[in-house]
Amino acid sequence: LKKLLLPLLLALLTVPAVLLWMPEDKYEWHIAKNLPVPEVPVDNPMSAVKVELGRRLFYDARLSINSTTSCASCHLQALAFTDGRPRSIGATGELHPRGAMSLVNTAYASRLTWANSLLDRLEDQALTPMFGENPVEMGMAGKETQIEQLLRSDPHYSRMLPKAFPADENPYSVLNVIRSIAAFVRTIVSFESPYDHFLRGDEDAMSDGAIRGMELFFSERLECFHCHGGFNFTDSTTHANANVDRVGYHNTGLYNVDAFGAYPADNTGLYDMTGDRRDMGRFKAPTLRNIAVTAPYMHDGSVSTLDEVISNYARGGRLLDFGPNAGDGRRSPYKSEFIRGFELSDTERSDLLAFLHSLTDQSILEDPALANPFMNPESVR
Amino acid sequence: MIRRLFSLLPCIVLLVSCSGAKLPLRIDFVPVFGGQALACGDTTGIVQLTDLRFYVTDIELVTANGEVVNFQLEENSTWQQPDLALLDMEDGQGFCDNGTSDINASLLGLAPERDYVGLRFVVGVPFDRNHADPLTANAPLGEGAMHWHWRAGYKFLRAGIRTADDGFWLHLGSTGCKGTVQDISGCSSPNRVQVELMDFVAGEDTVAVDLTALVADIDLKNGIATDCSSGPAESSCPAPFAALGLDHAAGTSAHSQRVFQTQVRF
């Protein structure tokens, strides 16, 4: 009986707690009926107060070692949550080997970051920018106590954390910071681009050129959709009803520094995770949603414009004539079978670009619910 | 009577002498460079310590006649599980700046009363605990700075020194792990360090962590801080890995290590 008592007591305590906050605080996804909702980990259910708390934390520079850098420093809403830099810069000035990825529809990413096959939950990924040391991003390694002190002393956090985590004896934890930020990032969902409206029957949403560009994009001639396919324009996509683990990493022939397919040593892609030479230069295909506002391109921002991106793919790999990374990516032995090259007329090229521009969802770039609550206090609910 | 017989049974079966009583034993560790002890707060020397923290597991003591006994650690809420300890010589002073002021430079435990002449241990976290969530794990695995979330495991060892503008730091841990964070099935490069000190008199000697050996083949005069995060493409990894007895390409113990040494206490 004694053994049963504790679980029983816990159960009795949990039931009213759940009843108390669930109905009033249930999070409503605003997603069109024909589209799936994101998968949410069972130990971090969505709630409105948690999302709002996560938004504050996302924009709070006090979560960095010198109070200069928040998540939003490298993920700016106006740039579809990228930072416009080729490679991001951390709180202490350290240059990141890679560029900040867009957070748009990250909730649907089956794996996170550019090339980490281990990270499949935002709750795990969010720890790296905050605590990672190589490179330093927010620089909080070993400063957990400092974060907990902030959570207790800040009037918003001290009030919101118990509401967002009512079952926790001590809600002022790094774990709950991570959970809240993850919940907020899951709400950055974009399905309101001209392309989406076109799909839903608004034939005027896209120009004729963009429609022709769409046909090119989904053609076997250009092969774009093999990696950038599906509702989120990436083959590493999952959702609440997904039953297979879809993950894709691809070498796009961007580098070939030693004529044996090597990528620059600080940016070898999946190879850094697996140590398997066949994974050299393999990176995740990012979503193409809002791609027109997320320049520069590729994992290291080494391509300035979408036009140049198309040229590299048309060539079947990038040629770098000089510099430390010189080499012909087309000849890389690790290159994806889909990077075969193609010819494109000037009209076709501008059509394809028009299609890529039709993937920009203006509303996500302006939605006050995703904006900085410190800059615009009225938007705080 | 029967219970007593049972407790003697392993002794009879193994044909080893069992005096029964286990005595408390302490094994101390000290960081050294060029034969001198190093401490974070000591910034007057040519070389300064910037970090030294590591996990130790699978600790065994060896007697003169080759008997190997398990050194059972005394469980506490900060540093030790019965078979795993965090040694932490980073005190937040000097150039050590991302740890706490707390330090722990000793293993505390119980061992049968014998004369021990050898010490073996593994620098690392056992696989079954290496992929736990540090935000919910028990001490000493709750230490965020000892975890690299992007490699989904613990940093077994973090060590760093600096001299003027040059420096080197190493973060050692398993790489090439398969699966996803919540469900890691194995790692192609475990990178656990096997230490065997066959001239170690327990109760008298100290374990020196010789950072001279760790950076012996690192160019410390290139004007920049060099680092190794255990990645397969990092050119600054093979040398310190070799000092730790590890084959950088394979991630396994290939030969004996040179960093952990017996320091005779006079």
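Residues numbered from 1 in each chain as written. Chains lettered and ligands numbered in written order. Predicted model: local features only at pLDDT ≥ 70, side-chain atom pairs only at ≥ 80, totals over all residues. Heavy atoms only, no water.

A closer look at the overall build of chain A
Across its full length, chain A carries 15 helices and 4 strands. For a compact globule of 381 residues, the expected C-alpha radius of gyration is about 21 Å, and chain A comes in at 22 Å, within 12% of that figure. Over its C-alpha atoms, taken along the principal directions, chain A stretches across nearly 70 × 50 × 45 Å. Here chain A holds 381 residues, and the buried ones make up 56% of them. Of the contacts formed within chain A by residues at least 6 apart in sequence, a portion of 65% connects residues at least 24 apart. Approximately 17400 Å² of chain A is accessible, and the part contributed by carbon and sulfur atoms is 56%. In chain A, 36 positive and 49 negative side-chain charges are present, and the distance between their average locations comes to 5 Å. (Helix = DSSP H or I, 4+ residues; strand = E, 2+ residues; numbered from the N terminus. Rg over C-alpha atoms; globule rule 2.2 N^0.38 Å. Buried < 20%, exposed > 50% of the residue type's maximum accessible area, 1.4 Å probe, protein only. Contact = heavy atoms within 4.5 Å. Areas by Shrake-Rupley, 256 points an atom, 1.4 Å probe, with all protein chains shown as cover. Lys, Arg positive; Asp, Glu negative; His and termini not counted. Charge placed at Lys NZ, Arg CZ, Asp CG, Glu CD.)

Here we look at the pairing of strand E13 (residues 166–172) of chain B
Residue and element names in this part refer to chain B. Of all 7 residues that make up E13, 6 are buried, and the element is covered over most of its length. Inspection of the sheet shows strand E12 (residues 157–163) paired to E13 by 7 bridges, in the antiparallel sense. Paired with Arg158 across the strands is His171, a residue of E13. Counted between consecutive antiparallel strands, the loop separating E12 from E13 contains 2 residues, among which Ala164 sits at a positive phi close to 50 degrees. Here E13 runs beside strand E18 (residues 225–228); their pairing, made up of 4 bridges, is parallel. Its bridge partner being in E18, Gly167 is matched across the sheet by Ala225. (Pairing = 2+ DSSP bridges.)

Details of the state of the cysteines
All names here are of chain B. Applying the stated criterion across every chain yields a total of 3 disulfides over all chains. Bridging Cys177 to Cys187, the disulfide has an S-S length of 2.2 Å. The S-S bond linking Cys177 to Cys187 shows a torsion near 100 degrees; that makes this disulfide right-handed. Note that Cys177 is positioned in strand E14 (residues 175–180) and Cys187 in strand E15 (residues 183–189), a separation of 10 residues in sequence. Residue classification places Cys177 among the buried positions, given a relative accessible area of 5%. Judged by relative accessible area, Cys187 falls into the buried class, the value being 19%. Disulfide partner of Cys228: Cys237, at an S-S distance of 2.0 Å. When the S-S torsion is 105 degrees, as for the bridge of Cys228 with Cys237, the disulfide is right-handed. (Disulfide = S-S within 2.5 Å.)

As for the pattern of salt bridges
One pass over the structure, following the stated rule, counts 31 salt bridges over all chains. Linking A:Arg62 and A:Asp60 is a salt bridge whose minimum nitrogen-to-oxygen distance equals 2.9 Å. Through salt bridges with shared partners, a single network forms among A:Glu133, B:Asp51, B:Arg53, B:Glu90, B:Lys155 and B:Arg158. (Salt bridge = Lys/Arg side-chain N within 4 Å of Asp/Glu carboxyl O.)

A word on the confidence of the model for chain B
When the pLDDT values of chain B are averaged, the result is 89; 91% of them are 70 or greater. For the stretch residues 1–17 of chain B, pLDDT sits under 50, and the model shows 4 contacts to residues farther than four places along the chain or on other chains. (pLDDT = per-residue confidence, 0-100.)

Looking at the packing of helix H2 (residues 48–58) of chain A against helix H8 (residues 174–186) of chain A
Residues and elements named next belong to chain A. With their axes 7 Å apart at the nearest point, H2 and H8 run at an angle of 100 degrees to one another. On the basis of the axis angle, H2 is roughly perpendicular to H8. Contacts between H2 and H8 involve Lys50, Val51, Leu53, Gly54, Arg55, Leu57 and Phe58 on the former and, on the latter, Val177, Arg179, Ser180, Ile181, Ala183, Phe184 and Val185. When its residues are assigned to classes, the contact of H2 with H8 shows 9 nonpolar, 2 polar and 3 charged. (Axes fitted to C-alpha atoms, helices over the stretch in contact; angles between N-to-C directions. Parallel < 35°, antiparallel > 145°, perpendicular 65-115°, else oblique. Nonpolar A, V, L, I, M, F, W, Y, C, P; charged D, E, K, R; others polar.)

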